[in-house]
Amino acid sequence: MMTQKTHLMRSIEAADEKAQYDEYAKRIVADKTILAWIAKYTVQELKEYSIPTIVSCIEGEPEISEVPLHSDNQKNMTEQTKEQPEKISGLSTEDKVPGEGRIFYDIRFYIMTPEKKRIKIIINIEIQKDFYPGYDLVTRGVFYCARMLSAQLDTEFTAENYNDLKKVYSIWLCLNTPNHLADTITQFSIKQENIIGEFKKKTRYDLMSVVMICFNEKSWQKKISKLHGMLGTVFSEKLSAKEKEQILEEEYGIEAEREVKEGIRSMCNLSDGIEERGIRKGIGRGRQQHLIEQICRKLQKGKSLLLIADELEEEESAIKAIYDAALSLAPNYDKDKVYALLHAEE
């Protein structure tokens, strides 16, 4: 009997070591099964439902942001994904609001909850390789949520009825998180707080959530949660495509093959290895060592974290790990020892 790989497995095979290249990562995450896993662990309205039920709740044809892959398989992947219902495609990843500029989301789609009174939820997923890009990722997530809310004017709601505003999620997959932050899922949302007296009227304020899913190369082995284990497996740079397929099928029940009526359409195996990880490590190491040296010098002058962050034009959260490590070595502030301490678990 003839079988054909699912969209997810073909994407993993095509990506293999390239899985962390932006476009390959987006293609993998855009698989409805992967989206359903992410939604189950992060979207509170869906946590009680099974993965197959959540897959069926993904409505329309959301789309990943399109950038040429420059590979021999680009044409084949384009032809195949058009025929595959399990890959999302459609809802514009471009957000252009008059007077507010233009941004592009990695992936954006919507889900309809399965209750009798169905609720529409708009979800954005971002794949972030650099955990310290020079600003706070959560702040960027809040901005994305705000844009997804404001962009609904005259599409989901009108100025005469704000009650039609749909809840939005901005979910961030942080692939290369430092060990002290890895294997966590954190939600940032609006909560009611009574300052004086008690506001007893029921209102709709739970309309936006930023969720950070942090993992790294070790997550597929630690398996702190099934989601961390699954994502760690998909994006591992040490596992081969065959090993990933076996783990996903045996440990997470994600099917590797599906019977189809048509013949096999196999993709060319991309065997050209990449140096992207090594390059990224080199750039990241150089930038971090420079920061360590700067922070150590400023600590020797007795400066606080707040002042150092201000002088370096960095977010406090972006340099706090370096600051704490250096502070623990006072009064010497040896930059090499600080670097070794930060990478002791690697």
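Structure shown above.
Note that the structure is predicted; figures quoted are calculated from it, not measured. (Residues numbered from 1 in each chain as written. Predicted model: local features only at pLDDT ≥ 70, side-chain atom pairs only at ≥ 80, totals over all residues. Heavy atoms only, no water.)

### Some remarks on the pairing of strand S6 (residues 120-128)
For step 1, the next point in the chain: Along S6, nine of the nine residues are buried, which leaves the element largely enclosed by surrounding structure.
For step 2, the next point in the chain: The alternating pattern of S6 places Lys120, Ile122, Asn124, Glu126 and Gln128 and Ile121, Ile123, Ile125 and Ile127 on opposite faces, both of which are buried.
For step 3, the next point in the chain: Bridge count for strand S5 (residues 107-112) against S6 is six bridges, and the pairing is antiparallel. Along S6, the bridge assignment pairs Tyr110 with Ile122.
For step 4, the next point in the chain: The pairing of S6 with strand S7 (residues 167-174) spans eight bridges and is classified as parallel. Of the residues in S7, the one forming a bridge with Ile122 is Val168.
For step 5, the next point in the chain: In this fold, S6 hands off to helix H6 (residues 137-150), which returns the chain to S7; that crossover is right-handed. (Buried < 20%, exposed > 50% of the residue type's maximum accessible area, 1.4 Å probe, protein only. Helix = DSSP H or I, 4+ residues; strand = E, 2+ residues; numbered from the N terminus. Pairing = 2+ DSSP bridges. Right-handed = clockwise from strand over helix to strand, strands pointing away.)

### A look at the environment of Glu237
For step 1, the next point in the chain: Positionally, Glu237 belongs in the loop between helix H8 (226-234) and helix H9 (241-252).
For step 2, the next point in the chain: A residue is classified by how much of its surface remains accessible, and Glu237, at 16% relative accessible area, is buried.

### Quick word on the pattern of salt bridges
For step 1, the next point in the chain: Using the criterion set out here, one finds nine salt bridges in the structure.
For step 2, the next point in the chain: Lys120 serves as the salt-bridge partner of Glu156, at 2.6 Å between the closest nitrogen and oxygen. Within this pair, whereas Glu156 is found in the loop between H6 and S7, its partner Lys120 is found in strand S6, the two being separated by 36 residues in sequence.
For step 3, the next point in the chain: A relative accessible area of 22% places Glu156 in the partly exposed class.
For step 4, the next point in the chain: As a salt-bridge pair, Lys166 and Glu156 come within 3.3 Å of each other at their nearest N and O atoms. Pair noted here: Lys166 is in the loop between H6 and S7 and Glu156 is in the loop between H6 and S7, with a separation of 10 residues, a long-range link.
For step 5, the next point in the chain: Residue class for Lys166 comes out buried when judged on its relative accessible area of 18%.
For step 6, the next point in the chain: Among the charged side chains, a salt-bridge network with shared partners connects Glu45, Lys167 and Asp206. (Salt bridge = Lys/Arg side-chain N within 4 Å of Asp/Glu carboxyl O.)

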